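For reference, the chains in residue letters:
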Amino acid sequence: MTLRWLPPVAAPVTLTDIGRGIAGLVRPQRALAATVAELRATLGVEHAWLVSSGRAALTLILQALASRSDRTRVVIPAYTCYSVPAAIVRAGLDVVPCDIDATTLDFAFQDLEARLKEGPVLCVVATHLFGVPADVERTRRLCESHCVVVVEDAAQAFGFKCSERWFGTLGDVSFFSFGRGKTLSTGGGGAIVCDRPDIADAIERKYSQLRPQSALKGLRLLAEVAVTSLLLHPSVYGLPARLPCLGLGETTYSTAFPIGRLGGGQAGLLRRWPDRIARMNKARARAVSALVPLVSCPRVAVQVCLRLPVVCRSREERDGLCRKGVGAELGISPMYPGAVSQIPELRDSLGRTRYPVAESVAERLLTLPVHPLVSDADLQSMARLLSRPDVLRY
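*Asks:* Looking at this model, I keep getting lost on the packing of aromatic side chains. Mind explaining?
*Replies:* For any two aromatic rings, the description comes down to two numbers: the centre-to-centre distance and the angle of the planes. Scanning all chains against the criterion turns up eight aromatic pairs. Seen from their ring centres, Phe158 and Trp273 are 4.6 Å apart, and the 45° between their planes marks the pair as tilted. You can see Phe158 sitting in the loop between strand E5 (149–153) and strand E6 (161–162) and its partner Trp273 sitting in helix H11 (residues 273–291), a full 115 residues away along the chain. For Phe158, a relative accessible area of 0% translates into the label buried.

*Asks:* Would you mind going over the packing of helix H3 (residues 54–66) against helix H4 (residues 83–90) with me for this structure?
*Replies:* Interaxial distance between H3 and H4 falls to 8 Å at its minimum, and their mutual angle equals 40°. By the angle class used here, H3 and H4 are oblique. The chirality of how H3 crosses H4 is right-handed. Here H3 contributes Arg55, Leu58, Thr59 and Leu62 to the contact with H4, which in turn contributes Ser83, Val84, Ala87, Ile88 and Arg90.

*Asks:* Would you explain the sheet that holds strand E4 (residues 123–127) in this entry?
*Replies:* Across a sheet, strands are paired by hydrogen bonds formed along the backbone, either parallel or antiparallel in direction. Sheet architecture is open: seven strands sit in the order E1-E9-E8-E5-E4-E2-E3, paired in mixed fashion. Each end of this open sheet is capped by a strand with a single partner; those strands are strand E1 (47–51) and strand E3 (94–98). Put simply, the sheet's adjacent strands are angled 20° from each other on average, direction ignored. Across five bridges, the pairing between E4 and E5 is parallel. In the strand pairing of E5, Cys123 is matched with Val149. Of the strands in this sheet, strand E2 (73–77), E3 and E4 are in contact with helix H5 (residues 109–118), which crosses E3 at around 150°. Relative to E5, helix H6 (residues 136–144) is tilted by about 160°, and along the sheet it contacts E4 and E5.

*Asks:* Hey, could you run me through helix H15 (residues 376–386) in this one?
*Replies:* For an α-helix, 3.6 residues make a turn, and residues three or four places apart therefore share a direction. Every buried residue belonging to H15 is among Asp378, Leu379, Met382, Leu385 and Leu386, and all of these are buried. Buried residues along H15 cover an arc of 120° about the axis, so they all sit on one side. Where the residues of H15 are buried, they touch H11, helix H12 (315–327) and strand E12 (365–369).

*Asks:* Is there a simple way to explain the pairing of E1 in this structure?
*Replies:* A regular strand places its side chains so that they alternate between the two faces of the sheet. The buried count for E1 comes to four of five residues, which makes it a mostly enclosed element. Across five bridges, E1 lies against strand E9 (residues 190–194) in antiparallel orientation. By the bridge assignment for E9, Leu50 is matched with Ala191.

Conventions we followed
- Residues numbered from 1 in each chain as written.
- Predicted model: local features only at pLDDT ≥ 70, side-chain atom pairs only at ≥ 80, totals over all residues.
- Heavy atoms only, no water.
- Phe/Tyr/Trp six-rings, centres within 6.5 Å; stacked < 30°, edge-to-face > 60°.
- Helix = DSSP H or I, 4+ residues; strand = E, 2+ residues; numbered from the N terminus.
- Buried < 20%, exposed > 50% of the residue type's maximum accessible area, 1.4 Å probe, protein only.
- Axes fitted to C-alpha atoms, helices over the stretch in contact; angles between N-to-C directions.
- Parallel < 35°, antiparallel > 145°, perpendicular 65-115°, else oblique.
- Left-handed = near helix turned anticlockwise from the far one by under 90°.
- Contact = heavy atoms within 4.5 Å.
- Pairing = 2+ DSSP bridges.
- Arc of directions from axis to C-beta.

Next comes the structure, spelled out in structure tokens:
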């Protein structure tokens, strides 16, 4: 068995972090209040709420927006995390995909303008996919004339900045995820932040109806975080990676997810997150700077990201590189298997409309690991694989 196998993504948790989680279990209200205060102070926002997951956060936002309007259409990128359309359906609203630009993974803005003109839109979800910055300001300019709210999806970009502004402070309302595979993990959980009083009031009404997390569930989640952190270490990750029954890396669509409040133990794990994020982002930036010159990345200023996305020339090239990456235990992997329109559970409601760029990207995109557990030797191995003259030179 190989002694080192690199996971595609990882956010290491230390014994000190676990200790803070235990303290949060003992005094949950104190941990929750302190974490909310830290979010508000660091991000410079007026309102923050902690909930059970990123998709729960988005669902709550959408339910709050829907309570203020009779509009039901929610525009999202046609290539994005499957949790986004699942949250829209869970909120009882209509999914409206918009094609993307393959060079940025952001909206194709001409298509976005067309979606806004087709009929009344409740909100547009601008997504920092893999932590690559979306042009939220451009999205807001288009939405303003249509009185459309911009929801900033920073689920994969917690703790990242663009032009000295934190992701999650660019939209009318924003959300983060602290699930496994995110920039900072509590084994689950999410947050909503907002500066608009009208939206904040609607969210607070919905949030007040949520149940608090039980102490038993909090203890179980904290134990899972500790075990998962151990298993993600490259020296042992080969064991779970070889067990298909665990479904590591699989993408599923489901609307059957709990919507509740974050627990004290998880809030404790989030304490002092700015310092932890800064250390991890330093390692991510080092990996990104080493890999970007070798590949065709989105044409934006990618300085730090959750995973480094690469759009290959063909599905065959993508699959071949992924096989070689798996063979070398380098954590190179594909992502979402299809565009939103290709999710089987949504085909009836979305009809036969094609989103050619999103569908093509889904076939050709792979991601490279840039997390803090990536070593210099790992970067050199990826460089040797990617720098062959017949690979990604276009």
